[in-house]
Amino acid sequence: MQDTVDMVDDTEYDEEEPSFSDPEDFEDDVEDEELMEDILKEKPQEADGIDSVVVVDNVPQVGQERLEKLKNVIHKIFSKFGKITTEFYPETDGLTRGYIFLEYGGPSQALEAVKNADGYKLDKQHTFRVNLFTDFDKYMNISDEWETPEKQPFKDFGNMRHWIEDPDCRDQYSVIYEAGERTVIYNNEAKEPIVSEERSRWTETYVRWSPKGTYLATFHQRGIALWGGEKFKQIQRFSHQGVSLIDFSPCERYVVTFSPLMDTKEDPQAIIIWDILTGHKKRGFHCESAAHWPIFKWSHDGKFFARMTTDTLSIYEAPSMGLLDKKSLKISGIKDFSWSPGDNIITFWVPEDKDIPARVTLMQIPTRLEIRVRNLFNVVDCKLHWQRNGDYLCVKVDRTPKGTPGVVTNFEIFRMREKQVPVDVVEMKEGIIAFAWEPNGSKFAVLHGESPRINVSFYHVKNNGKIELSKTFDKQQANSIFWSPQGQFLVLAGLRSMNGALAFVDTSDCTMMNIAEHYMASDVEWDPTGRFLCTSVSWWSHKIIKKDLKKYSKIFEQKDRLSQTKASKELVDKRRSMMDDYRSFREAAQQTYQDQKSARLELRGGMDSDELDSNVEDWEEETIEFFINEEIIPLGDL
């Protein structure tokens, strides 16, 4: 310590201390943000909290006696978008002033409220207008002079309905192959399909066409993507983590997505309805199970959609996505419902309850006027079948008449285009296997009976109020009916256990056109023009404990696809090799045959018997046909 002091006292250290002051001509070009960026971020801002405030206009003006009820309604509507920290209801002379201030926990929640609640229809007199509080400065400073708005760049997605202009009226279809790795879009051709677009890893599970074919939806872990146009450009994306199911509105204005991963009590996210054009979320819904998808059923024009819960039928209207008239229909025991394909009419049926008979009700929407009620007795079950144009409704009624063993089936045919909606009844004495309306006509087909004596009957609904039996074919190997989209023709299919038997029928004269078979076929699909029919085989064979279903289903599916693809490739290679060997053998045999021609002429005295035409009058022609073998080659492996 003494040595250190001596060093400080030494004369060689007794110099003037250096100056750290900046010279007079020094210019500091270093900003505070560069030196203390992390600290300045935490500096309180003048507008903190304001960007989390929304202003709601067109709110009912009420007194103190109704204020609490109004607050509950407002809180229920706006708490869907986030936690509300502050509410302020300005008053004048004991009445609210028609606008309120709501503060959310963050700016993103306030922005979500503006996007989804602006235009919300509270009742016939009050439609909310919702804005951010920070937007008011912008609105107050609007110039009195017209300023031409800035043009937004146009996104050209191409012709979204380009296939309609195809001179050969070819439609498109999609195929996923190579264990889901590749997806291809084909233009249909009678000889061989033409590839329109092909991509690898386009989707993670499957694809789905929109009702009119405008969009192709692909599935991803983070959500859904929509593609369209001639080159299938990406049109829109919808973020919904873990999405597994989707549904489109008939008008293609909205898409509904379902994910089992996102739902919470405070923020319903299991089902989300999106606006396709803007990509905005319209509303979220809770959903405990999607076993009966789609949860929502849409009206033909996409203006209304409905869902059924216990003793309740909830009808919503677009674009507000709010309950029609702000309340659901309480229908005790409701079992099923369905929309008319041609009008805003909803039908539902209710089973018997003690002395009250079962009933089928036709209700007009949005007036909720019951235009027809049909009471039914001794009912076991009902099924609702609409004709595609909404001209007829068939209610298949299974009854157990008193004193009669077994179940009897009646078809209650509602004539929707006639006054007071008259009803005709067709009684069937045998069990019903399948029923289907002709899409663009007044005929329907019924499969009835029991195997091996399954019959198909064709009926025609006449204008004079009679239902005429046109024809019955006995002993058909079928369990499904598939009408052509254009009507007249249909296919009777014996799927799965019936080994894929197919019978083609022309219902104009009830003639059997052709009999075919696709062994173990499970699916049948017509193309929209009615010119082509696709049959396919799909079969799940794994038995998995429900608890581990999600974990193992994807693994088994990938293994199945991989093994099938590998087996198919080996089979194709083997067949090609056999065909090459056969061609080589055939060419060698033909050459040997030609080399021996001179010997044959010599043995037969110069008569050339190689040409059949030389003595054709002495020949008798006999054609023998017999079945050799049938092989099925998956399309994606060729």
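In this report, the structure presented in the accompanying data block is examined. Keep in mind that what you see is a predicted model, and the values were worked out from it rather than measured. (Residues numbered from 1 in each chain as written. Predicted model: local features only at pLDDT ≥ 70, side-chain atom pairs only at ≥ 80, totals over all residues. Heavy atoms only, no water.)

1. Some words on the pairing of strand E26 (residues 369-376)
Now for step 1: In this structure, strand E25 (residues 358-364) lies alongside E26, joined through 7 bridges in antiparallel fashion. The partner of Val-360 across the bridge, within E26, is Arg-374.
Now for step 2: Between E25 and E26, which pair antiparallel one after the other, the connecting turn spans 4 residues, and Arg-368 there sits at a positive phi close to 60 degrees. (Pairing = 2+ DSSP bridges. Helix = DSSP H or I, 4+ residues; strand = E, 2+ residues; numbered from the N terminus.)

2. A few points about empty space enclosed by the protein
To find leftover empty space, one rolls a probe the size of a water molecule over the atoms.
Now for step 1: Enumeration over the complete set of coordinates arrives at 2 cavities of 30 Å³ or more.
Now for step 2: In this model, the largest cavity occupies a volume close to 40 Å³.
Now for step 3: Here the lining of the largest cavity is built from residues that sort into 4 nonpolar, 6 polar and no charged. (1 Å grid on protein atoms, 1.4 Å probe; cavity = no way out; pocket = protein on both sides within 12 Å on 5 of 7 lines; lining within 4 Å. Points joined across faces, edges and corners; volume = space filled by probe spheres on them. Nonpolar A, V, L, I, M, F, W, Y, C, P; charged D, E, K, R; others polar.)

3. As for the environment of Asp-424
Now for step 1: The residue Asp-424 is located in strand E30 (residues 423-428) in this model.
Now for step 2: Along the backbone, Asp-424 and Lys-466 are 42 residues apart, and their C-alpha atoms lie at a distance of 7.7 Å.
Now for step 3: Excluding residues that lie within four positions of it along the chain, Asp-424 makes contacts with Phe-411, Glu-412, Ile-413, Arg-415, Gly-465 and Ile-467.
Now for step 4: In this structure the side chain of Asp-424 is engaged in a polar contact, spanning 2.5 Å, whose partner is the side chain of Arg-415. (Contact = heavy atoms within 4.5 Å. Polar contact = N/O pair within 3.5 Å; in protein donor to acceptor, adjacent residues only side chain to side chain.)

4. Quick notes on the sheet that holds strand E33 (residues 453-461)
Now for step 1: Strand order across the open sheet formed by 4 strands is E31-E32-E33-E34, with antiparallel pairing between neighbours. Two strands in the sheet have a free side with no partner beyond their single neighbour: strand E31 (432-437) and strand E34 (467-473). Taking each pair of neighbouring strands and ignoring which way they run, the sheet shows an average axis angle of 20 degrees.
Now for step 2: Summarising the sheet, strand E32 (residues 443-450) and E33 pair through 8 bridges and their orientation is antiparallel. Bridged to Gly-449 within E33 is Ile-454. (Axes fitted to C-alpha atoms, helices over the stretch in contact; angles between N-to-C directions.)

5. Focus: helix H4 (residues 64-78)
Now for step 1: Given a rise of 1.5 Å per residue, 15 residues ought to cover 21 Å, and the 21 Å separating the end C-alpha atoms of H4 matches this to within 8%.
Now for step 2: Among the residues making up H4, those that are buried are Leu-67, Leu-70, Ile-74, Ile-77 and Phe-78. The arc that holds every buried residue of H4, seen down its axis, measures 95 degrees, which confines them to one face. In H4, the exposed positions that point more than 90 degrees away from the buried face belong to Glu-65, Glu-68, Lys-69 and Lys-76. (Expected span 1.5 Å × (residues − 1). Buried < 20%, exposed > 50% of the residue type's maximum accessible area, 1.4 Å probe, protein only. Arc of directions from axis to C-beta.)

6. Observations regarding the pattern of salt bridges
Now for step 1: Inspection of the entire model under this criterion finds 20 salt bridges.
Now for step 2: With its nearest N and O atoms 3.1 Å apart, the salt bridge here joins Arg-182 to Glu-198. Placement of the pair is Arg-182 in strand E8 (residues 182-187) and Glu-198 in strand E9 (residues 194-200), with a sequence separation of 16 residues.
Now for step 3: Between Asp-424 and Arg-415 there is a salt bridge; the shortest N-O distance is 2.5 Å. Both residues of the pair, Asp-424 and Arg-415, count as buried.
Now for step 4: Three or more residues are tied together by salt bridges with common partners; here these are Asp-166, Arg-170 and Glu-189. (Salt bridge = Lys/Arg side-chain N within 4 Å of Asp/Glu carboxyl O.)

7. Things to note about the side chain of His-162
Now for step 1: Within the secondary structure layout, His-162 lies in the loop between helix H6 (136-140) and strand E7 (172-177).
Now for step 2: Take His-162: its relative accessible area is 16%, and that puts it in the buried class.
Now for step 3: Polar side-chain contacts of His-162 include one of 3.5 Å to the backbone oxygen of Gly-229.
Now for step 4: Excluding residues that lie within four positions of it along the chain, His-162 makes contacts with Gln-172, Gly-229 and Glu-230.

8. Quick notes on the layout of surface pockets
Now for step 1: For the second largest pocket, the calculated volume is near 1,200 Å³.
Now for step 2: Lining the second largest pocket are 42 residues, and of these Lys-76, Ile-77, Lys-80, Tyr-120 and Arg-283 lie nearest its centre.
Now for step 3: Elements supplying a minimum of two residues to the lining of the second largest pocket: H4, helix H5 (107-117), strand E17 (281-285) and strand E21 (322-323).
Now for step 4: For the lining of the second largest pocket, the element with the highest residue contribution is H4, accounting for 7 residues.
Now for step 5: Residues that form the lining of the second largest pocket fall into these classes: 15 nonpolar, 13 polar and 14 charged.
Now for step 6: Taken domain by domain, the makeup of the lining of the second largest pocket includes at least three residues from each of domain 1 (53-136) and domain 2 (159-298). (Domains from an automatic or database assignment.)

9. Here's the deal with unusual backbone geometry
Negative phi is the rule for most residues except glycine; trans is the rule for most peptide bonds.
Now for step 1: Look at the link from Trp-293 to Pro-294: it is a cis peptide, with omega at 5 degrees.
Now for step 2: Inspection of the secondary structure puts Pro-294 in the loop between E17 and strand E18 (297-298).
Now for step 3: Along the chain, Ala-318 connects to Pro-319 via a cis peptide bond; the corresponding omega equals 10 degrees.
Now for step 4: Position of Pro-319 relative to the elements: it lies in the loop between strand E20 (312-317) and E21.
Now for step 5: Of note in the backbone geometry, Asp-325 takes a positive phi value of approximately 60 degrees without being a glycine.
Now for step 6: Counting through the fold element by element, Asp-325 comes out in the loop between E21 and strand E22 (329-330).
Now for step 7: Taking relative accessible area as the criterion, Asp-325 reaches 43% and is therefore assigned partly exposed.

10. Details of the sheet that holds strand E23 (residues 336-339)
Now for step 1: Strand order in the open sheet formed by 4 strands is E23-E24-E25-E26, and the pairing between neighbours is antiparallel. The sheet is open, and its two edges are formed by E23 and E26, each paired on a single side. Each strand of the sheet is rotated relative to its neighbour by a mean of 15 degrees, with strand direction disregarded.

11. Some details on the nonpolar core
If you look at soluble globular proteins, the nonpolar side chains tend to sit buried side by side.
Now for step 1: Judged by nonpolar contacts, the single largest core of 24 residues is most densely connected at Val-54, Val-56, Ile-74, Phe-78, Tyr-104, Phe-128 and Val-130.
Now for step 2: Secondary-structure elements contributing two or more residues to this core are strand E1 (53-57), H4, strand E5 (99-104), H5 and strand E6 (129-132).
Now for step 3: Per-element tally for this core: the top contributor is H4, with 5 residues. (Core = buried A, V, L, I, M, F, W, Y, C linked by side-chain atoms within 4.5 Å.)

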